[in-house]
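Here's the letter readout for the chains.
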Amino acid sequence: MPTAVADGVELYYDSEGDGETVAFVGDAGYGAWQWGWQHAAVAGPYESLVTDLRGAGRSDAPAGPYSFETLVSDLVAVLADANVRKAHLVGFGLGGLVALEAARTTNRVRSLVLVGTAASGDGIDPEPLSAAPDVPAALRESLAPALSEEFRAEQPDVVDQLVSWREREDADPEAWAAQTAAVADYDAGPLYEVTVPTLVLHGDDDPVWPVEGGRALAEGLPRGEFESFAGARHLVTVERSRLVNDALVSFLESLDDD
């Protein structure tokens, strides 16, 4: 199990495939399970690198709060440990903010795919998505804002699997609070400073990170594109996995000659 170290904190990551690196930066609280659908879609023609944020999964969970400066430094440490000079970053929710900040403040970013995120944390309350991993009923309840009622009714086996993964990998309440502490105060600043190609993907029924924030983010970026998915909630990567994967791979392929 490869690990990078940042300020004494061990950070888990894993990679598969060859070619340019696509690094996945996860949402608050969730373990690496959240990328199970996308990891397989890019591994092969690309190197797919999945990491756990500090506080979740197999990474260490030091006392918080964690700043965006710290989370970006963690990401840079993982890329350095994996011998990756530049990566295509795929960020989700909190991870989208981390990826956006990395693009703004470092030279390690080739492109961005930002899922269910925004340019600012103003008005964003991630609390409904959180639950203690040792309380299965609470984990299941917290999937309501993450997955549409229709999906949960039609795919009960997937819901059961998500609950099982979350029991093993998700952050505990203290670590989750440490991860999200900086969200409310986050502002990406002038978006014209982020000049890398960027694709913004969003479920149009996301009650936690509203779709309007994703659309405004794409519109404010010099090279931003936007795509939404009808009826999907926050975990659009699960609920519309095939369409999300098609959009992700198509975007990456469009950059081959960029």
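Residues numbered from 1 in each chain as written. Predicted model: local features only at pLDDT ≥ 70, side-chain atom pairs only at ≥ 80, totals over all residues. Heavy atoms only, no water.

**Re unusual backbone geometry**
Look at the link from Gly-64 to Pro-65: it is a cis peptide, with omega at 0°. You can see Pro-65 is positioned in the loop between strand 4 (47-51) and helix 2 (68-81). With a phi close to 50°, Asp-7 is a non-glycine residue in the positive phi region. A positive phi angle, near 60°, is found at Asn-83, a position not held by glycine. On the secondary structure map, Asn-83 appears in the loop between helix 2 and strand 5 (87-92). (Helix = DSSP H or I, 4+ residues; strand = E, 2+ residues; numbered from the N terminus.)

**A look at the sheet that holds strand 6 (residues 109-115)**
On the basis of which strands lie adjacent, the open sheet formed by 8 strands has the order 1-2-4-3-5-6-7-8 and mixed pairing. In the strand order of this sheet, the two ends are held by strand 1 (3-6) and strand 8 (224-229), each with one partner. Averaged over neighbouring strand pairs, the angle between their axes works out to 20° when direction is ignored. Direction of pairing for strand 5 relative to strand 6: parallel, over a ladder of 6 bridges. Bridge pairing in strand 6 places Val-90 opposite Val-113. Docked against the sheet, helix 2 engages strand 1, strand 2 (9-16), strand 3 (21-25), strand 4 and strand 5, running at close to 135° with respect to strand 1. (Pairing = 2+ DSSP bridges. Axes fitted to C-alpha atoms, helices over the stretch in contact; angles between N-to-C directions. Contact = heavy atoms within 4.5 Å.)

**Notes on the pattern of salt bridges**
Throughout the structure, instances matching the rule amount to 9 salt bridges. Here Glu-239 and Arg-240 are joined by a salt bridge, their closest N and O atoms 3.9 Å apart. Judged by relative accessible area, Glu-239 falls into the buried class, the value being 8%. Several salt bridges share partner residues, and in doing so they unite Glu-101, Arg-104 and Glu-193 into one network. (Salt bridge = Lys/Arg side-chain N within 4 Å of Asp/Glu carboxyl O. Buried < 20%, exposed > 50% of the residue type's maximum accessible area, 1.4 Å probe, protein only.)

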